[in-house]
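Structure at a glance
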Amino acid sequence: MLTLLDQLDKGTLWRSPGGIHPPEVKFLSNNTPISQLPLAQEYLVPVPQVGENCTLAVKVGDKVLKGAPLTQGTSIWHLPVHAPTSGTVVAIEPRASNHASALPVNTCVIVADGEDRWCELTPGSIELSNHEMIAKIHGAGIAGMGGAAFPSHIKLNPVSEIELVIINGVECEPYISADDRLMREYSQDILAGIGIIHRLLAPKRIVIAIEDNKPEAIKAMQQAVSQSTLPAGSTRVTAIPTKYPSGGEKQLIQIITGREVPSGSIPAKLGIVVHNVGTAFAIHQAVTQGKPLIERVVTVTGQNVGKPGNYWLPIGTPVEHVLKHTEFNAEADQKVIIGGPMMGHALPTIQVPILKGTNCILVPSSQEIGTTPEEKACIRCGECANACPALLLPQQLFWHAKAEEYDKAASYNLKDCIECGCCSYVCPSDIPLVEYYRIAKSALKQAADEKHQAERAKQRFEARIQRLEEEKLAREAKAKEAAARRQATMTSTDKNAVAEAMARIAAKKAAAAETTADIEPVEVVAADASSTEAPKGKAAVAAAIARAKAKKAAAAAQGADDAESSKQAAFSVQTGSSEPSEPTEQTESLSQKDKVAAAIARAKAKKAALKADSDANGDNDIAPDNTDKPATETTANAEVDDKKAKVAAAVARAKAKKAAAQQAESSEVTEVQSKLAAETKPESESSSIPSAPLSPEDEKKAKVAAAVARAKAKKAAAQQAESSDVTEVLPELAADAKPESTNESDDESDSATKPSAPLSPEDEKKAKVAAAVARAKAKKAAALQAESSDVAEVQPELIADAKPELTNEPDSESGSQSGDESSSVTEPSAPLSPEDEKKAKVAAAVARAKAKKAAREANAISDANE
């Protein structure tokens, strides 16, 4: 039995399945030699691999020479792109692609300078090593010139042993004659490239396959083989029958060897490699001359082209420029097809470039290719299956592709379809089957890309999680090692210190929890206890604020007392010596309540000041009577003081209500306190004038003044009960306030000097309210007294005696009132009787005594505040 090599030597051929015999129409372009076209003004060089496998080597504004690389990269899949001519890079932007969709692709736009100057080339020789040759082929950017544009340097460096190399010169597509003219004119260069391929792959046989409809090319190649330096008997030219698509890689292998490439496999696994004649020519130029792939032979044909033929076109030449220089005559609804009529695609725009895989520009007339017929229903004739060269089931693929069941279409080996168009060509229903297959392939490719990206994302995520976990474990191990080292180097003293520190922290937490549980809001003693735990800085600030508030309250109280004294003096002067007993008693009663409130405010202020001083010296709890007791007794004393404060507050409220009731029930004001009698006695003795009984008219005036005073007292008592001015006063404050209501201001200063607990925020607020109420009461009482007084019977000399007392008052309101009164009493009146004159003198003496007392109290208050 003959081996494969023996059968190859004999020229044995096998029949391939399927295929058709369309009109060739190659005569339009294969009768003229390959020509050159003028340089275009602008070249569009696509760089789609930028960002994936390579980077740009130029930027906008750079000057480039012909053959200069535009991209650079180290990936095996990187296919370099070179400048087709010399010029300037004016833009790097997305432009329409040479595809049926015309989707934009990243493009380098070069404006030619017209000089077409080459960059420096590095010629090589056949003596280079295989690695150097493959590197030069890779650097030249050579791809498959038959249309697939697969990187040639990968096919020249296979992992398996190659026995057979097939040089494809079949060119079965109608209208195309680029390879035919190339073999006729450059057969020696093609054989030189085949010699390089033989050097790199070292195959046992090389077969140059050419269709029998190209006799000139067959003759030229046979002559070149006979003159070549290849081993004798290793290379032969084989003519194969003309049938479409015998130029397909798998179909050609089956015709030459009788072997079928398995689905999903590549010919290299069978020990076979297929290269195009144009690829062999480019390999020769790259290795021997150092030229990169910057131009190729392109067939421009069709009845609407005035100069059909084959042209050397630089890569990136716009199709528009080519058609312009080949006398293109456009028709209505003109189609421009890239490739042949069977496998080519129509362009939506002619502003697209020539690519490395572009072998034909077909511009047919309406007589050559009519309008696209309307698609009709499939009749299940089976002609598509008979014509399929890949032995597929086009009808089943069509149904699944039309229903968008792409997975089922893939199960029928959709990927083995070579898109030759035989099924569409023979379909009697004019169904564009290949278009359906292309759409299905694109959908499957997109789904595969998304799945691949998702898988890569999952791997990256899992790798990140693993890395974080490893870093966490490493940190924990490092911390354990550091702790072990510290524990090993730690002495017994250090361990005891750590234990003691932990114990102190635990004790502090427990104490803080107990203190929080024992706190009672709004209680003075609890506030004091909690304030002792505060930092010293906060205590000092709080004490300063309390002192300032106390001074302000004391000043307000002093102003109220002075105003009350001045108003009482004025009232005494106006009503005479027999009247002061009734209104003076009521006014004095009101002023005593105001003084109690002022004394409370002063006592609280002094306690706050003493408390702040004790906190600054480092004492946490100081009571008035236990400064030398230990800290353990302070808390107990604070609790006792809390109870005392509550009791004193209740007593004070009861007393205030009782005093208000007594004032309301009393209808007469003839009982004058002994203190006022003692004060007025020296003055009356000095005057040596005894008081006489009141006249009926004076008695009536006194009763009216008494009624007014009782109304004021009731109102003051109601306000005092509502505001609860003294409900929170401690027993000490109550004791301080009691002498104030019965004794002189000297006793008030003595009782106010006793230390007490600092004021809480609520107590301070109540003290302010009490002081404000006292001032308001004093002002209102003075106004009513001024309105009810009758000064028509006062002599000018008495007014002159009382005027110095009235003009020295600090209160602005009192001063203005006394001014009005003096102006009103300066009017002349009838002379007084001897009895009325005595009463007026007594009233003046009482007013002077009260003024002196007010002055002494003001001095005492200022001394206490300082």
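Quantities reported herein were computed from a predicted structural model and do not represent experimental measurements.

**Side note on the pattern of salt bridges**
Counted under the stated rule, the structure contains 18 salt bridges. Lys376 is paired through a salt bridge with Asp430; the nearest N and O atoms lie 3.0 Å apart. Taken as a pair, Lys376 in the loop between β16 (360–362) and α10 (383–387) and Asp430 in the loop between α13 (422–426) and α14 (433–489) lie far apart in primary sequence, 54 residues in all. A relative accessible area of 42% means that Lys376 is categorised as partly exposed.

**Describing the sheet that holds β16**
Read from one edge of the open sheet, 6 strands run β1-β13-β12-β16-β14-β15, paired in mixed fashion. Since the sheet does not close on itself, it has two edges, and those belong to β1 (35–36) and β15 (345–346), each with one partner. Examined bridge by bridge, strand β14 (residues 337–338) and β16 share 2 bridges and lie antiparallel to one another. Residue Ile337 lies in a different strand from β16, and its bridge partner there is Leu362.

**Overview of unusual backbone geometry**
Cis geometry is found at the peptide bond from Tyr244 to Pro245, where omega equals 5 degrees. Following the sequence through the fold, Pro245 ends up in the loop between β10 (235–240) and α7 (249–257). Phi at Glu171 takes a positive value of approximately 50 degrees, unusual for a residue other than glycine. Note that Glu171 resides in the loop between β8 (164–169) and α4 (178–185). With phi around 55 degrees, Asp430 is a residue other than glycine that occupies positive phi space. Residue classification places Asp430 among the partly exposed positions, given a relative accessible area of 30%.

**Some thoughts on the state of the cysteines**
Within the structure shown, the criterion is met by 0 disulfides. With no disulfide of its own, Cys388 has Cys420 as its nearest cysteine by sulfur position, at a separation of 6.4 Å. On the basis of relative accessible area, Cys388 is assigned to the buried category, the value being 11%.

**Let's talk about the packing of aromatic side chains**
Within the structure shown, the criterion is met by 6 aromatic pairs. Pairing Trp77 with Phe150 gives two aromatic rings, centres 6.1 Å apart and planes at 80 degrees, and the pair type is edge-to-face. Pair noted here: Trp77 is in the loop between β5 (71–72) and β6 (87–96) and Phe150 is in the loop between α2 (130–139) and α3 (152–155), with a separation of 73 residues, a long-range link. Taking relative accessible area as the criterion, Phe150 reaches 35% and is therefore assigned partly exposed. Members of the aromatic cluster, connected to one another through ring pairs, are Tyr186, Phe281 and Trp312.

**Thoughts on the nonpolar core**
Counting 43 residues, the largest nonpolar core has Ile190, Ile194 and Ile208 as its most contacted members. If you list the elements that add at least two residues to this core, you get α2, β8, α4, α5 (187–201), β9 (205–211), α6 (215–227) and α8 (277–289). Discounting chain neighbours no more than four positions away, the residues touching Ile194 are Ile167, Ile206, Ile208, Leu230 and Ala280. Ile20, Leu164, Val274 and Ala387 belong to the second-largest nonpolar core, a separate cluster that totals 22 residues.

**Digging into the pairing of strand β11 (residues 272–276)**
Judged by how many residues are buried, β11 sits mostly within the fold: 5 of 5 residues are covered. Every second residue of β11 is oriented toward a common face, with Ile272, Val274 and Asn276 on one face and Val273 and His275 on the other, all of them buried. Taken together, the 5 bridges between β8 and β11 define a ladder with parallel strand orientation. Note that in β11 the partner of Ile166 across the bridge is Val274.

**Focus on α5**
Between its first and last C-alpha, α5 extends 21 Å over 15 residues, near the 21 Å set by a 1.5 Å rise per residue. In terms of burial, α5 is a largely internal element, 11 of the 15 residues being buried. Turning to α5, its buried residues are Ser187, Ile190, Leu191, Gly193, Ile194, Gly195, Ile196, Ile197, His198, Leu200 and Leu201.

**Details of the sheet that holds β8**
Remark on secondary structure: sheet strands pair via backbone hydrogen bonds, oriented parallel or antiparallel. Strand order in the open sheet made by the 4 strands is β10-β9-β8-β11, with parallel pairing throughout. Looking at which strands have only one partner, the edges of the open sheet turn out to be β10 and β11. Here the strands of the sheet are splayed against their neighbours by 25 degrees on average, with no regard to which way each runs. Helix-sheet contacts for α7 involve β8, β9, β10 and β11, and the interaxial angle to β8 is about 120 degrees.

**Examining a nonpolar patch on the surface**
A grouping of Met490, Val498, Met502 and Ile505 is seen on the molecular surface, where their side chains present a nonpolar patch of about 350 Å² in accessible area. With respect to the helices and strands, the residue Val498 is situated in helix α15 (residues 492–518).

**Description of the packing of α2 against α8**
When two helices pack together, their arrangement is given by the angle between the helix axes and the distance between those axes. Contact geometry for α2 and α8: axes closest at 9 Å, N-to-C directions at 115 degrees. Between α2 and α8, the angle falls in the class roughly perpendicular. Every pair of crossing elements has a handedness; the one defined by α2 and α8 is right-handed. Residues Met133, Lys136 and Ile137 of α2 lie in contact with α8, whose contacting residues are Ile283, Ala286 and Val287. Classifying every residue of the contact of α2 with α8 gives 5 nonpolar, no polar and 1 charged.

Rules of the game
Residues numbered from 1 in each chain as written. Predicted model: local features only at pLDDT ≥ 70, side-chain atom pairs only at ≥ 80, totals over all residues. Heavy atoms only, no water. Salt bridge = Lys/Arg side-chain N within 4 Å of Asp/Glu carboxyl O. Helix = DSSP H or I, 4+ residues; strand = E, 2+ residues; numbered from the N terminus. Buried < 20%, exposed > 50% of the residue type's maximum accessible area, 1.4 Å probe, protein only. Pairing = 2+ DSSP bridges. Disulfide = S-S within 2.5 Å. Phe/Tyr/Trp six-rings, centres within 6.5 Å; stacked < 30°, edge-to-face > 60°. Core = buried A, V, L, I, M, F, W, Y, C linked by side-chain atoms within 4.5 Å. Contact = heavy atoms within 4.5 Å. Expected span 1.5 Å × (residues − 1). Axes fitted to C-alpha atoms, helices over the stretch in contact; angles between N-to-C directions. Patch = residues over 30% accessible without salt bridge, like charges linked within 9 Å, V, L, I, M, F, W, Y side chains within 5 Å. Areas by Shrake-Rupley, 256 points an atom, 1.4 Å probe, with all protein chains shown as cover. Parallel < 35°, antiparallel > 145°, perpendicular 65-115°, else oblique. Left-handed = near helix turned anticlockwise from the far one by under 90°. Nonpolar A, V, L, I, M, F, W, Y, C, P; charged D, E, K, R; others polar.

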